[in-house]
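Topology and contacts: notes
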Amino acid sequence: MSCKVVLAQGISASYREELKSTIKTRNICPKLVGFLANEDPAAAKYAEWTAKTCAETGVEFELRKCSRNDLEDKIIEANQDAGVNGIMVYYPVFGDRQDQYLQNVVDVSKDVEGLHHKYVYNMYHNIRFLDEAKTKKCIIPCTPLGLVKVMEYVGVYNGILPHGNRLHGRVVTIINRSEIVGRPLAALLANDGAKVYSVDINGIQEFHRGVGLQLKKHEVSETSLTVEEVLPLSDVVITGVPSPSYKVPSHLIRDGAVCINFSTFKNFDGEEIKKKAAIYVPAVGKVTVAMLERNLVRLYDYQAQDRAPSTA
(Lines give C-alpha, C1' and ligand atoms only; values in the text may rest on other atoms or scores of the structure.)
Protein backbone atom coordinates (compact mmCIF):
# COMPACT_ATOMS: atom_id res chain seq x y z
CA MET A 1 0.00 0.00 0.00
CA SER A 2 1.28 3.47 -0.94
CA CYS A 3 -0.81 5.42 1.59
CA LYS A 4 1.16 7.77 3.86
CA VAL A 5 -0.20 7.95 7.41
CA VAL A 6 0.54 11.36 8.91
CA LEU A 7 0.26 11.81 12.68
CA ALA A 8 -0.85 14.98 14.46
CA GLN A 9 2.21 14.90 16.71
CA GLY A 10 4.52 15.43 13.75
CA ILE A 11 2.37 18.19 12.28
CA SER A 12 2.14 20.08 15.58
CA ALA A 13 5.84 19.72 16.48
CA SER A 14 7.04 22.84 14.63
CA TYR A 15 4.25 24.95 16.13
CA ARG A 16 5.02 23.69 19.65
CA GLU A 17 8.72 24.44 19.22
CA GLU A 18 7.99 27.90 17.85
CA LEU A 19 5.70 28.64 20.79
CA LYS A 20 8.23 27.34 23.29
CA SER A 21 10.98 29.46 21.75
CA THR A 22 8.82 32.60 21.60
CA ILE A 23 7.73 32.30 25.22
CA LYS A 24 11.25 31.60 26.47
CA THR A 25 13.00 34.24 24.36
CA ARG A 26 10.52 36.97 25.26
CA ASN A 27 10.34 35.84 28.90
CA ILE A 28 6.54 35.92 28.95
CA CYS A 29 4.03 33.65 30.62
CA PRO A 30 0.56 33.93 29.05
CA LYS A 31 -2.21 32.58 31.26
CA LEU A 32 -5.04 30.46 29.88
CA VAL A 33 -8.10 29.55 31.94
CA GLY A 34 -10.27 26.62 30.87
CA PHE A 35 -13.77 26.08 32.25
CA LEU A 36 -15.13 22.55 32.58
CA ALA A 37 -18.84 22.47 33.42
CA ASN A 38 -19.89 19.12 32.00
CA GLU A 39 -19.22 15.40 32.45
CA ASP A 40 -18.20 14.77 28.84
CA PRO A 41 -15.18 12.38 28.78
CA ALA A 42 -14.02 13.88 25.45
CA ALA A 43 -13.92 17.33 27.08
CA ALA A 44 -11.95 15.93 30.01
CA LYS A 45 -9.46 14.35 27.59
CA TYR A 46 -9.12 17.64 25.70
CA ALA A 47 -8.46 19.39 29.04
CA GLU A 48 -5.70 16.85 29.80
CA TRP A 49 -4.05 17.47 26.41
CA THR A 50 -4.30 21.22 26.94
CA ALA A 51 -2.68 21.05 30.38
CA LYS A 52 0.14 18.81 29.18
CA THR A 53 0.94 20.86 26.09
CA CYS A 54 0.81 24.14 28.01
CA ALA A 55 3.26 22.78 30.59
CA GLU A 56 5.65 21.80 27.78
CA THR A 57 5.53 25.17 26.03
CA GLY A 58 5.57 27.48 29.04
CA VAL A 59 1.94 28.59 29.10
CA GLU A 60 0.27 28.84 32.51
CA PHE A 61 -2.92 26.80 32.33
CA GLU A 62 -5.59 26.69 35.01
CA LEU A 63 -8.59 24.36 34.77
CA ARG A 64 -11.58 25.67 36.68
CA LYS A 65 -14.45 23.24 37.28
CA CYS A 66 -17.88 24.56 38.11
CA SER A 67 -21.57 23.79 37.68
CA ARG A 68 -23.11 24.91 34.43
CA ASN A 69 -25.43 27.28 36.27
CA ASP A 70 -22.42 29.09 37.79
CA LEU A 71 -20.45 29.19 34.54
CA GLU A 72 -21.59 32.61 33.31
CA ASP A 73 -20.53 34.33 36.53
CA LYS A 74 -17.18 32.51 36.50
CA ILE A 75 -16.52 33.63 32.91
CA ILE A 76 -17.30 37.24 33.84
CA GLU A 77 -14.83 37.01 36.75
CA ALA A 78 -12.12 35.81 34.37
CA ASN A 79 -13.01 38.56 31.87
CA GLN A 80 -12.35 41.14 34.58
CA ASP A 81 -9.09 39.55 35.80
CA ALA A 82 -6.15 41.33 34.14
CA GLY A 83 -3.97 38.33 34.97
CA VAL A 84 -5.96 36.10 32.63
CA ASN A 85 -4.99 36.41 28.95
CA GLY A 86 -7.18 33.72 27.44
CA ILE A 87 -10.44 31.95 28.24
CA MET A 88 -11.87 28.73 26.85
CA VAL A 89 -14.94 26.66 27.69
CA TYR A 90 -15.26 22.93 27.12
CA TYR A 91 -18.50 22.57 25.18
CA PRO A 92 -21.21 21.34 25.13
CA VAL A 93 -22.48 22.79 28.39
CA PHE A 94 -26.23 23.09 27.87
CA GLY A 95 -26.11 21.82 24.28
CA ASP A 96 -28.44 24.48 22.89
CA ARG A 97 -28.64 28.20 22.18
CA GLN A 98 -27.49 28.90 25.71
CA ASP A 99 -24.06 27.65 24.67
CA GLN A 100 -24.04 30.24 21.87
CA TYR A 101 -24.91 32.88 24.45
CA LEU A 102 -22.00 31.76 26.66
CA GLN A 103 -19.62 32.01 23.70
CA ASN A 104 -20.46 35.70 23.57
CA VAL A 105 -20.09 36.18 27.32
CA VAL A 106 -16.36 35.49 26.90
CA ASP A 107 -14.62 38.83 26.32
CA VAL A 108 -13.62 39.10 22.65
CA SER A 109 -10.10 40.14 23.68
CA LYS A 110 -9.66 36.86 25.62
CA ASP A 111 -11.51 34.44 23.34
CA VAL A 112 -8.82 31.94 22.34
CA GLU A 113 -11.40 29.70 20.67
CA GLY A 114 -12.59 32.36 18.21
CA LEU A 115 -16.25 31.65 18.98
CA HIS A 116 -17.33 35.20 19.81
CA HIS A 117 -19.81 36.69 17.32
CA LYS A 118 -17.26 39.25 16.10
CA TYR A 119 -14.81 36.53 15.07
CA VAL A 120 -17.54 34.31 13.64
CA TYR A 121 -18.97 37.19 11.59
CA ASN A 122 -15.55 38.12 10.25
CA MET A 123 -14.78 34.51 9.35
CA TYR A 124 -17.98 34.00 7.38
CA HIS A 125 -17.52 37.33 5.61
CA ASN A 126 -13.86 36.61 4.80
CA ILE A 127 -12.63 39.54 6.90
CA ARG A 128 -9.16 38.50 8.02
CA PHE A 129 -8.07 41.42 10.22
CA LEU A 130 -9.57 43.20 13.23
CA ASP A 131 -8.20 46.64 12.31
CA GLU A 132 -7.96 48.77 9.19
CA ALA A 133 -4.16 48.86 9.45
CA LYS A 134 -4.17 45.05 9.21
CA THR A 135 -1.90 44.60 12.22
CA LYS A 136 -4.26 42.29 14.17
CA LYS A 137 -5.33 39.03 12.56
CA CYS A 138 -8.72 37.63 13.50
CA ILE A 139 -8.84 34.69 15.89
CA ILE A 140 -10.02 31.55 14.11
CA PRO A 141 -11.66 28.58 15.92
CA CYS A 142 -8.96 26.12 16.98
CA THR A 143 -10.11 22.88 15.35
CA PRO A 144 -10.99 24.43 11.96
CA LEU A 145 -7.68 26.32 12.05
CA GLY A 146 -5.86 23.12 12.99
CA LEU A 147 -7.45 21.33 10.03
CA VAL A 148 -6.30 24.13 7.72
CA LYS A 149 -2.76 23.68 9.06
CA VAL A 150 -3.01 19.91 8.50
CA MET A 151 -4.03 20.53 4.88
CA GLU A 152 -1.16 22.97 4.42
CA TYR A 153 1.28 20.44 5.89
CA VAL A 154 0.24 17.60 3.56
CA GLY A 155 0.32 19.83 0.47
CA VAL A 156 -3.36 20.38 -0.29
CA TYR A 157 -2.79 24.14 -0.37
CA ASN A 158 -1.05 25.36 -3.53
CA GLY A 159 1.78 27.67 -2.47
CA ILE A 160 2.18 29.09 -5.99
CA LEU A 161 -1.21 30.80 -5.79
CA PRO A 162 -1.75 33.98 -3.73
CA HIS A 163 -2.97 33.78 -0.14
CA GLY A 164 -6.73 33.46 -0.06
CA ASN A 165 -6.88 31.48 -3.31
CA ARG A 166 -4.64 28.52 -2.55
CA LEU A 167 -7.41 25.92 -2.64
CA HIS A 168 -8.63 26.97 -6.07
CA GLY A 169 -9.53 23.82 -8.00
CA ARG A 170 -9.76 21.60 -4.93
CA VAL A 171 -12.95 19.71 -4.08
CA VAL A 172 -13.44 18.97 -0.39
CA THR A 173 -16.17 16.98 1.35
CA ILE A 174 -16.72 17.59 5.07
CA ILE A 175 -18.97 15.09 6.85
CA ASN A 176 -20.02 17.28 9.78
CA ARG A 177 -21.82 20.63 9.80
CA SER A 178 -21.68 21.53 13.47
CA GLU A 179 -21.50 25.21 14.39
CA ILE A 180 -18.23 24.58 16.26
CA VAL A 181 -16.23 22.81 13.54
CA GLY A 182 -17.96 21.64 10.37
CA ARG A 183 -19.66 24.80 9.15
CA PRO A 184 -16.80 27.18 10.07
CA LEU A 185 -14.35 24.82 8.36
CA ALA A 186 -16.48 24.75 5.20
CA ALA A 187 -16.50 28.55 5.17
CA LEU A 188 -12.74 28.81 5.72
CA LEU A 189 -11.91 26.37 2.94
CA ALA A 190 -14.41 27.92 0.52
CA ASN A 191 -13.03 31.39 1.28
CA ASP A 192 -9.59 30.00 0.41
CA GLY A 193 -10.94 28.89 -2.99
CA ALA A 194 -12.19 25.32 -2.57
CA LYS A 195 -15.51 23.89 -3.66
CA VAL A 196 -16.80 22.35 -0.44
CA TYR A 197 -19.55 19.79 -0.02
CA SER A 198 -20.85 20.10 3.54
CA VAL A 199 -22.68 16.96 4.68
CA ASP A 200 -25.04 16.45 7.60
CA ILE A 201 -28.09 14.31 8.28
CA ASN A 202 -30.37 16.82 6.53
CA GLY A 203 -28.51 16.85 3.22
CA ILE A 204 -25.56 18.40 1.41
CA GLN A 205 -24.78 22.08 0.94
CA GLU A 206 -22.17 23.49 -1.43
CA PHE A 207 -19.87 26.30 -0.24
CA HIS A 208 -17.95 28.11 -2.98
CA ARG A 209 -16.74 31.47 -4.34
CA GLY A 210 -18.07 30.96 -7.84
CA VAL A 211 -16.38 30.29 -11.17
CA GLY A 212 -12.89 31.76 -11.20
CA LEU A 213 -13.31 32.80 -7.55
CA GLN A 214 -15.24 35.88 -8.65
CA LEU A 215 -16.90 36.30 -5.26
CA LYS A 216 -15.12 38.08 -2.40
CA LYS A 217 -16.61 35.69 0.14
CA HIS A 218 -18.19 32.28 -0.13
CA GLU A 219 -21.84 31.63 -0.80
CA VAL A 220 -23.89 28.59 0.17
CA SER A 221 -26.36 26.68 -1.99
CA GLU A 222 -28.57 23.70 -1.25
CA THR A 223 -28.03 20.60 -3.39
CA SER A 224 -29.83 17.33 -4.06
CA LEU A 225 -26.54 15.46 -4.16
CA THR A 226 -25.78 12.39 -2.05
CA VAL A 227 -22.66 11.23 -0.25
CA GLU A 228 -22.38 8.48 -2.85
CA GLU A 229 -22.12 11.18 -5.53
CA VAL A 230 -19.75 13.66 -3.87
CA LEU A 231 -17.14 11.34 -2.34
CA PRO A 232 -15.78 10.11 -5.71
CA LEU A 233 -15.38 13.79 -6.78
CA SER A 234 -13.41 14.82 -3.71
CA ASP A 235 -9.69 15.51 -3.49
CA VAL A 236 -10.04 15.74 0.29
CA VAL A 237 -12.50 14.02 2.66
CA ILE A 238 -12.73 15.32 6.24
CA THR A 239 -14.87 13.58 8.83
CA GLY A 240 -16.12 14.46 12.30
CA VAL A 241 -19.07 12.20 13.02
CA PRO A 242 -19.43 11.71 16.81
CA SER A 243 -20.42 8.05 16.60
CA PRO A 244 -18.38 4.86 17.09
CA SER A 245 -20.50 3.03 14.51
CA TYR A 246 -20.14 5.47 11.61
CA LYS A 247 -17.63 4.59 8.88
CA VAL A 248 -17.06 6.39 5.60
CA PRO A 249 -17.58 3.90 2.75
CA SER A 250 -13.99 3.38 1.62
CA HIS A 251 -14.96 2.09 -1.82
CA LEU A 252 -16.39 5.52 -2.67
CA ILE A 253 -13.18 7.39 -1.86
CA ARG A 254 -11.39 8.70 -4.94
CA ASP A 255 -8.06 6.97 -5.60
CA GLY A 256 -5.28 9.17 -4.21
CA ALA A 257 -7.49 11.33 -2.01
CA VAL A 258 -6.42 12.96 1.25
CA CYS A 259 -8.51 11.68 4.19
CA ILE A 260 -8.59 13.46 7.56
CA ASN A 261 -10.52 12.46 10.70
CA PHE A 262 -11.19 14.93 13.51
CA SER A 263 -13.80 12.87 15.35
CA THR A 264 -12.87 11.28 18.67
CA PHE A 265 -14.05 8.07 16.95
CA LYS A 266 -12.44 6.43 13.92
CA ASN A 267 -14.70 7.44 11.03
CA PHE A 268 -12.48 5.66 8.50
CA ASP A 269 -11.72 1.95 8.42
CA GLY A 270 -7.99 2.17 9.11
CA GLU A 271 -6.96 -0.69 6.81
CA GLU A 272 -9.46 -0.17 4.00
CA ILE A 273 -8.78 3.55 3.66
CA LYS A 274 -5.08 2.89 3.17
CA LYS A 275 -5.94 1.02 -0.02
CA LYS A 276 -7.47 4.15 -1.56
CA ALA A 277 -6.08 7.29 0.09
CA ALA A 278 -2.70 8.81 -0.73
CA ILE A 279 -2.56 10.49 2.69
CA TYR A 280 -4.48 9.56 5.84
CA VAL A 281 -4.52 11.69 9.00
CA PRO A 282 -6.31 9.65 11.72
CA ALA A 283 -6.54 12.42 14.37
CA VAL A 284 -5.84 16.14 14.77
CA GLY A 285 -6.17 16.78 18.53
CA LYS A 286 -2.55 17.83 19.13
CA VAL A 287 -2.69 20.30 16.26
CA THR A 288 -5.88 21.79 17.73
CA VAL A 289 -4.17 22.39 21.09
CA ALA A 290 -1.16 23.97 19.35
CA MET A 291 -3.52 26.39 17.56
CA LEU A 292 -5.18 27.17 20.90
CA GLU A 293 -1.83 28.23 22.34
CA ARG A 294 -0.96 30.13 19.18
CA ASN A 295 -4.20 32.10 19.51
CA LEU A 296 -3.39 32.74 23.18
CA VAL A 297 0.01 34.29 22.41
CA ARG A 298 -1.61 36.40 19.70
CA LEU A 299 -4.22 37.71 22.18
CA TYR A 300 -1.48 38.31 24.78
CA ASP A 301 0.23 40.60 22.25
CA TYR A 302 -3.01 42.38 21.33
CA GLN A 303 -3.68 43.06 25.01
CA ALA A 304 -0.15 44.45 25.42
CA GLN A 305 -0.68 46.73 22.42
CA ASP A 306 -3.96 47.99 23.86
CA ARG A 307 -2.33 48.74 27.21
CA ALA A 308 0.60 50.62 25.62
CA PRO A 309 0.37 54.42 25.84
CA SER A 310 -0.66 56.09 22.58
CA THR A 311 2.07 57.95 20.66
CA ALA A 312 -0.47 60.05 18.78
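You'll find the chain entered in an unreviewed UniProt entry as NAD-dependent 5,10-methylenetetrahydrafolate dehydrogenase, with Linnemannia hyalina given as the organism.

Re the sheet that holds strand β9 (residues 236–239)
Taken together, 8 strands build an open sheet; the order of strands is β1-β11-β10-β9-β5-β6-β7-β8 and the sheet is mixed. For this open sheet the edge positions go to β1 (4–5) and β8 (219–222), each flanked by a neighbour on one side alone. Summarising the sheet, β9 and strand β10 (residues 258–261) pair through 4 bridges and their orientation is parallel. Residue Val 237 lies in a different strand from β10, and its bridge partner there is Cys 259.

Some thoughts on the UniProt feature "domain: Tetrahydrofolate dehydrogenase/cyclohydrolase NAD(P)-binding" (unreviewed entry) in the chain
Within this numbering scheme, the UniProt entry marks residues 141–201 as carrying the feature "domain: Tetrahydrofolate dehydrogenase/cyclohydrolase NAD(P)-binding" (unreviewed entry). For the annotated span residues 141–201, helix accounts for 36% and strand for 18% of the residues, and the straight-line distance between the end C-alpha atoms is 23 Å.

Notes on the packing of aromatic side chains
Two numbers describe a pair of aromatic rings. These are the distance of the centres and the angle of the planes. Considering all chains together, one arrives at 2 aromatic pairs under this definition. Seen from their ring centres, Tyr 46 and Tyr 90 are 5.5 Å apart, and the 85° between their planes marks the pair as edge-to-face. Pair noted here: Tyr 46 is in helix α2 (residues 41–57) and Tyr 90 is in the loop between β4 (86–89) and α4 (97–105), with a separation of 44 residues, a long-range link. There is no split in this pair, since Tyr 46 and Tyr 90 are both buried. Ring centres of Phe 268 and Tyr 280 lie 5.8 Å apart, and the angle between their planes is 75°; on these two criteria the pair is classed as edge-to-face. Taken together, the positions of Phe 268 in the loop between β10 and α9 (270–273) and Tyr 280 in strand β11 (residues 279–281) put the pair 12 residues apart, joining distant regions of the chain. Of the two residues examined, Phe 268 and Tyr 280, each falls in the buried class.

Focus: helix α3 (residues 71–80)
Of the positions making up α3, those classed as buried are Leu 71, Ile 75, Ala 78 and Asn 79. For α3, the buried positions fall inside an angular range of 105° around the axis, keeping them on one side. Of the residues in α3, the exposed ones pointing more than 90 degrees away from the buried face are Asp 73 and Gln 80. Contacts made by the buried residues of α3 are with β2 (31–36), β3 (60–65), β4 and α4.

Description of the sheet that holds β2
Strand order in this open sheet of 3 strands is β3-β2-β4, and the pairing throughout is parallel. The open sheet has two edge strands, β3 and β4, and neither has a second partner. Strand-to-strand twist of the sheet, defined as the mean angle between neighbouring strand axes without regard to direction, takes the value 20°. Pairing geometry for β2 and β4, over 4 bridges, is parallel. Counterpart to Val 33 in the pairing with β4 is Ile 87.

Scoring rules and cut-offs
- Residues numbered from 1 in each chain as written.
- Predicted model: local features only at pLDDT ≥ 70, side-chain atom pairs only at ≥ 80, totals over all residues.
- Heavy atoms only, no water.
- Pairing = 2+ DSSP bridges.
- Helix = DSSP H or I, 4+ residues; strand = E, 2+ residues; numbered from the N terminus.
- UniProt positions renumbered as here; feature names shortened; annotations may be inferred.
- Phe/Tyr/Trp six-rings, centres within 6.5 Å; stacked < 30°, edge-to-face > 60°.
- Buried < 20%, exposed > 50% of the residue type's maximum accessible area, 1.4 Å probe, protein only.
- Arc of directions from axis to C-beta.
- Contact = heavy atoms within 4.5 Å.
- Axes fitted to C-alpha atoms, helices over the stretch in contact; angles between N-to-C directions.

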